[in-house]
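# Structure at a glance
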Amino acid sequence: MSLLTSLFKPLAYLSLPVFLLHTASNASPLARYYVRLGLFLSTMGVCSVWGVFASIGMTLIGRRFDINWIVARSFYALASRLLGIYIEVEGEEHLAVKPAVMIGNHQSMLDILFVGRIFPTQSSMTSKKELKWMPLLGQFMTLSGAVFIDRKSNARAVQSVTEAGKAMKDRKTSLWVFPEGTRTLSEKPSLLPFKKGAFHLAVQSGVPITPVVCEHYYRLYRKGVFESGKLKIKGTNYVLFLPPVPTVGLTASDVGELAVKVREQMLEALYEISGGRPEVPQTIGEEKSSIITPIPAQQAPEPSRPDTPPTEVHEAADEDTSASAPLAVDTSPSLLPRRNGSDRGTETEEDEGMVLVDRPDTPSDSPGSS
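Structure report, in brief.

Here is what the cut-offs are and how they apply
Residues numbered from 1 in each chain as written. Predicted model: local features only at pLDDT ≥ 70, side-chain atom pairs only at ≥ 80, totals over all residues. Heavy atoms only, no water. Helix = DSSP H or I, 4+ residues; strand = E, 2+ residues; numbered from the N terminus. Buried < 20%, exposed > 50% of the residue type's maximum accessible area, 1.4 Å probe, protein only. Contact = heavy atoms within 4.5 Å. Areas by Shrake-Rupley, 256 points an atom, 1.4 Å probe, with all protein chains shown as cover. Core = buried A, V, L, I, M, F, W, Y, C linked by side-chain atoms within 4.5 Å. Pairing = 2+ DSSP bridges. Axes fitted to C-alpha atoms, helices over the stretch in contact; angles between N-to-C directions. Parallel < 35°, antiparallel > 145°, perpendicular 65-115°, else oblique. Left-handed = near helix turned anticlockwise from the far one by under 90°. Phe/Tyr/Trp six-rings, centres within 6.5 Å; stacked < 30°, edge-to-face > 60°. Expected span 1.5 Å × (residues − 1). Nonpolar A, V, L, I, M, F, W, Y, C, P; charged D, E, K, R; others polar. Salt bridge = Lys/Arg side-chain N within 4 Å of Asp/Glu carboxyl O. Arc of directions from axis to C-beta.

On to the overall build of the protein, then. When you go through the protein residue by residue, the secondary structure sums to 10 helices and 11 strands. Taken across its 370 residues, the protein has 40% of its residues classed as buried. For the protein, restricting intrachain contacts to residue pairs at least 6 apart in sequence, the fraction spanning at least 24 positions comes to 78%. Summing over all exposed atoms, the protein offers an accessible surface of approximately 20900 Å²; the carbon and sulfur share of this is 60%.

Let us look at the nonpolar core. Ranked by internal contacts, the top residues of the largest apolar core, which has 43 residues, are Leu110, Phe114, Met141, Trp176, Tyr221 and Phe226. Listing elements by their share of this core, those giving two or more residues are helix 2 (29-60), helix 3 (67-83), strand 1 (86-90), helix 4 (111-118), helix 5 (137-143) and strand 6 (209-214). Among the nonpolar cores identified, the runner-up in size contains 32 residues, and Ala164, Val203, Leu258 and Ile273 belong to it.

Note that the residue after lysine 98, namely proline 99, is joined by a cis bond; omega there is -5°. Among the structural elements, proline 99 can be located in the loop between strand 1 and strand 2 (101-104). Even without being a glycine, glutamine 122 presents a positive backbone phi close to 50°.

Turning to the pairing of strand 5 (residues 174-177), a few remarks are in order. Neither face of strand 5 is open: one carries Ser174 and Trp176, the other Leu175 and Val177, and all of them are buried. Bridge count between strand 2 and strand 5: 3 bridges; the pairing is parallel. Looking at the pairing, isoleucine 103 lines up with valine 177 of strand 5. Where strand 3 (residues 123-128) and strand 5 come together, 3 bridges link them in parallel fashion. Of the residues in strand 5, the one forming a bridge with methionine 125 is tryptophan 176.

For threonine 43, the position within the fold is in helix 2. A residue is classified by how much of its surface remains accessible, and threonine 43, at 4% relative accessible area, is buried.

As a further point, take the packing of helix 2 against helix 3. Contact pair helix 2 / helix 3: the axes reach a minimum separation of 9 Å and the direction vectors enclose 155°. The angle between helix 2 and helix 3 falls in the class roughly antiparallel. For the crossing formed where helix 2 meets helix 3, the hand is right-handed. Two secondary-structure elements touch here, helix 2 through Arg36, Phe40, Thr43, Met44, Cys47, Trp50, Gly51, Ala54, Ser55, Met58 and Thr59 and helix 3 through Ile67, Ile70, Val71, Ser74, Phe75, Leu78, Ala79, Leu82 and Leu83.

Right, let's talk about the packing of aromatic side chains for a bit. Scanning all chains against the criterion turns up 8 aromatic pairs. With 6.1 Å between their ring centres and 20° between their planes, phenylalanine 194 and phenylalanine 199 make a pair best called stacked. On the basis of relative accessibility, which here comes to 0%, the residue phenylalanine 199 falls in the buried class. Site record: aromatic cluster; members linked through ring pairs are Phe40, Phe75, Tyr221 and Phe226.

Right, let's talk about helix 2 for a bit. Given 3.6 residues per helical turn, the α-helix brings residues three or four places apart onto the same face. The terminal C-alpha atoms of helix 2, which comprises 32 residues, lie 46 Å apart, in line with the 46 Å expected from a rise of 1.5 Å per residue. One or two residues past the end of helix 2 sits glycine 62, with phi positive at roughly 80°.

For the rest of this paragraph, the subject is the environment of isoleucine 67. For isoleucine 67, the location among the structural elements is in helix 3. When the C-alpha positions of isoleucine 67 and valine 52 are compared, they lie 9.4 Å apart, and in sequence the two are 15 residues distant. Contact partners of isoleucine 67, with chain neighbours within four places excluded, come to Ser55, Met58, Thr59, Phe140, Leu143 and Ser144.

To continue, consider the packing of helix 7 (residues 197-205) against helix 8 (residues 255-273). It is the contact of helix 7 with helix 8, at a shortest axis distance of 9 Å, that shows an interaxial angle of 115°. Along this stretch, helix 7 crosses helix 8, giving a crossing that reads as right-handed. Counted together, Phe199, His200 and Val203 of helix 7 and Val255, Leu258, Ala259 and Val262 of helix 8 form the full contact between these two elements. A breakdown of the residues in the contact of helix 7 with helix 8 according to their chemical character gives 6 nonpolar, 1 polar and no charged.

Taken as a whole and judged by the stated rule, the model has 5 salt bridges. Across the salt bridge formed by glutamate 92 and arginine 117, the nearest N and O atoms sit 3.2 Å from each other. Remark: arginine 117 occurs in helix 4 and glutamate 92 occurs in the loop between strand 1 and strand 2; sequence separation between them is 25 residues. The shortest N-O distance in the salt bridge between arginine 277 and glutamate 268 comes to 2.4 Å.

Taking 1.5 Å of rise per residue, the 18 residues of helix 6 (residues 154-171) would be expected to cover 26 Å, and the 26 Å separating its terminal C-alpha atoms lies within 8% of that figure. Taken residue by residue, helix 6 has Ala157, Ser160, Val161, Ala164, Gly165, Ala167 and Met168 as its buried positions. Down the axis of helix 6, the buried side of the element spans an arc of 170°, and every buried residue falls inside it. Residues of helix 6 that are exposed and point more than 90 degrees away from the buried face comprise Ala155, Lys166 and Asp170. Positioned one or two residues after helix 6, lysine 172 has a phi angle of 60°, which is positive.

In structure tokens, the structure reads:
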């Protein structure tokens, strides 16, 4: 009896808060958001601790560059079941091309889930240098061969990219990069302009670029909303691999054009798997600026008064004729659309770093926060 009591008593204590959280989640969307967010972050914490132990063991047996694969798959296996979000992959055969620079669209911290599903063996990641000193996570990333980029110094960032390229070729490993540099989750599918660090890395190393596109999931996750649900096929999220883009023969002068080309390919793929290209509504200014305003035809000049010389009347009529026109376009500046600046500021050379891991979203950071 005492043995059964010792087993079931902890379960009884745990069942009450679980029941209360489950009830609150079903009653309130906001409560469901925070409960599911807590589950997601807790899973990340558990897997970070697991990653430290796994990295030590994998290093001892000579499989250091498979650490990310082990931890990524562990996270996906646990989090997908807790959250009810599953990933379906198309084009996974492109992962066999190694070494390569893998780039993906970055929407939110939920991207860690799809990265966990597809992260291949013999691969590492890039990250900002500040994460190197974060407890547990920093030690795990160091042991797994992560490349840390110093974004505060452009010279050191370039040096890091050069060293990373050399290491990739020597180890025959791939690197994962989010070329947008930061998260972007809006109501409509979109991509920020790509930073060029990943493309410099690929060109310097002579390795291909493997683009990875994850379906737009705004209706699944955003501020105040964190749902499980059906996306695309059989209730699954959808990830698409595009064919690798070769970089052999390219130079640094080709990097800008290469970044634009790859971004356009990824954006078209994002539209395709997210339900189509979003419609761009015509602004009021655009509507008004295109209106053609008819002007009344020239009226005959009034009869001259007796005190007006005939020559003056003739000159006035000629002047009025030259100033008139049958049609005119209203292009008043007040009617033209205004282009607002980016709310993320302008890009500087220091922004050329490449970031994979970022701090988790909080309600104040999420889209739509004040």
